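Structural features, examined
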Amino acid sequence: MMQEFLLNNIETYISLMSKIKEGIVIHQEDTSIVYANPSACKILGLSEDQLLGKTATVHEWYFVNEDNEALSFDAYPVNLLFSCEEDISQMIIGVHSSKTDLKWVELSASIARNVTNERMALMIFSDVTARKKAFEDAELFRKLVDIVDTGITISDPYLEDNPLIYANKSFSKMTGYNYNEAINKNCRYLQKEGIEELEIAIVKESLFNEEPCELTLKNYKKDGTLFHNLLNITPFFQKEKLRYFIGVQHDITKQIEQEKKLSEQSLFIQSILDVQENMVLVSDGLQTTYTNKAVFDFFGLDSFESFKKKYNCISHTFEEHESSFHLGKIESDEYWVEAVLLLHESERIVAIKNQTYELNYFQLEIKAIANSVHVLTLKDITATLLKERV
């Protein structure tokens, strides 16, 4: 009955097909095209005259698979359909024609028979070029993200509890959780309850305000191992509306441990220098970058910051005295440390007043430790000089 209806209303049927946005092409059994609707012409970039009557053997076009490999003639959709007589569903193929750039289409096809029982191939397809490019771009992005050595995650704030919807391979390597274990839940599984409540509060506030934040958290791997996570969270907006939160994680455990070790070594060295009777300083000739406790005691100061604020450079404390070195003995643009090094060791003497304004004399020893950076040791020789003068 339907067939009779269509035969009696062929013009209506063709009119309907001409309005469909999907491309429709009908082949006879010799693969020649007997019908192509306007959408098919638009998608393929060919006119109706260029399509009608053409068979699959013409060189106006050729097909490629999803890997951009040319299809053999037998694998052309119409030939495949006629040879196998099985419906084709949602096949993705690329169509190269002489009139347009590569177009990607999603094609479905079936065999029908006309009134004389001849086989006809009905091909219906839609342009998915933009969709495939977006997918390829997304796949490229995923591959690029997977090769970086930084953990990257994406969470969806519109899902309950803002779960992770993506985690790259570096995140899995860093935490020990594979992809399926890492996603579909909030990443608080890296934390232990009751730990770093202040930091977690900062994260929650930033998420609530849709603002970026960066902080270091103590997190735990799947096997319970502690690691220090430098976490950066950035909101991602589309059309000025929040869409995702992007998390970037750096495992800085080795850096933290190294800093702790250096700090311990620094305290150890500081304790050794602090028991020295001589004043010890580090200077680049323009400013002092380190002093031991003997310096504070001599000047009556309570911290290095106090010394820096009052003097900045130890050379500013040198008193002008005929028998000692002071800044008045050099040109304004001359580097005072180099000027002292040009003196004989017996002449490397400076005079400095202490916190009670008593004048003291020091033997100045200078040792270079880096480019323009020197360790200065001031040995008090006041008593020795007084004896010599007596």
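Please refer to the structure higher up on the page.
Bear in mind the structure is a predicted one, so any value in this text is a computation, not a measurement. (Residues numbered from 1 in each chain as written. Predicted model: local features only at pLDDT ≥ 70, side-chain atom pairs only at ≥ 80, totals over all residues. Heavy atoms only, no water.)

1. Some points on empty space enclosed by the protein
Taken as a whole and assessed by the stated rule, the structure comprises two cavities of 30 Å³ or more. As a volume, the largest cavity reaches approximately 240 Å³. Taken together, the elements giving at least two residues each to the lining of the largest cavity come down to β1 (23-28), β3 (61-64), α5 (77-84), β4 (88-97), β5 (103-113) and β6 (119-127). Each residue belonging to the lining of the largest cavity can be placed in one class, and the counts come to 16 nonpolar, two polar and no charged. (1 Å grid on protein atoms, 1.4 Å probe; cavity = no way out; pocket = protein on both sides within 12 Å on 5 of 7 lines; lining within 4 Å. Points joined across faces, edges and corners; volume = space filled by probe spheres on them. Helix = DSSP H or I, 4+ residues; strand = E, 2+ residues; numbered from the N terminus. Nonpolar A, V, L, I, M, F, W, Y, C, P; charged D, E, K, R; others polar.)

2. Section: the sheet that holds strand β15 (residues 359-370)
Taken together, five strands build an open sheet; the order of strands is β13-β12-β16-β15-β14 and the sheet is antiparallel. Here the strands that pair on one side only, and so sit at the sheet edges, are β13 (288-291) and β14 (349-353). This sheet shows a mean twist of 35° between the axes of neighbouring strands, independent of strand direction. Sheet analysis places β14 next to β15, joined by five bridges and oriented antiparallel. Within β15, the residue paired with Ile352 across the bridge is Asn360. (Pairing = 2+ DSSP bridges. Axes fitted to C-alpha atoms, helices over the stretch in contact; angles between N-to-C directions.)

3. Things to note about the environment of Thr382
In this fold, Thr382 is placed in helix α14 (residues 382-389). C-alpha of Thr382 to C-alpha of Gln363: the two residues are 19 residues apart in sequence and 9.3 Å apart in space. When sequence neighbours within four positions are dropped, the list of residues in contact with Thr382 reads Leu359, Asn360 and Tyr361. (Contact = heavy atoms within 4.5 Å.)

4. A word on a nonpolar patch on the surface
Side chains of Leu140, Leu144, Ile147 and Val148 sit close together on the surface and give an oily, nonpolar patch of about 380 Å² of accessible area. Note on placement: Leu140 falls in helix α6 (residues 129-147). The class for Leu140 is partly exposed, based on a relative accessible area of 48%. (Patch = residues over 30% accessible without salt bridge, like charges linked within 9 Å, V, L, I, M, F, W, Y side chains within 5 Å. Areas by Shrake-Rupley, 256 points an atom, 1.4 Å probe, with all protein chains shown as cover. Salt bridge = Lys/Arg side-chain N within 4 Å of Asp/Glu carboxyl O. Buried < 20%, exposed > 50% of the residue type's maximum accessible area, 1.4 Å probe, protein only.)

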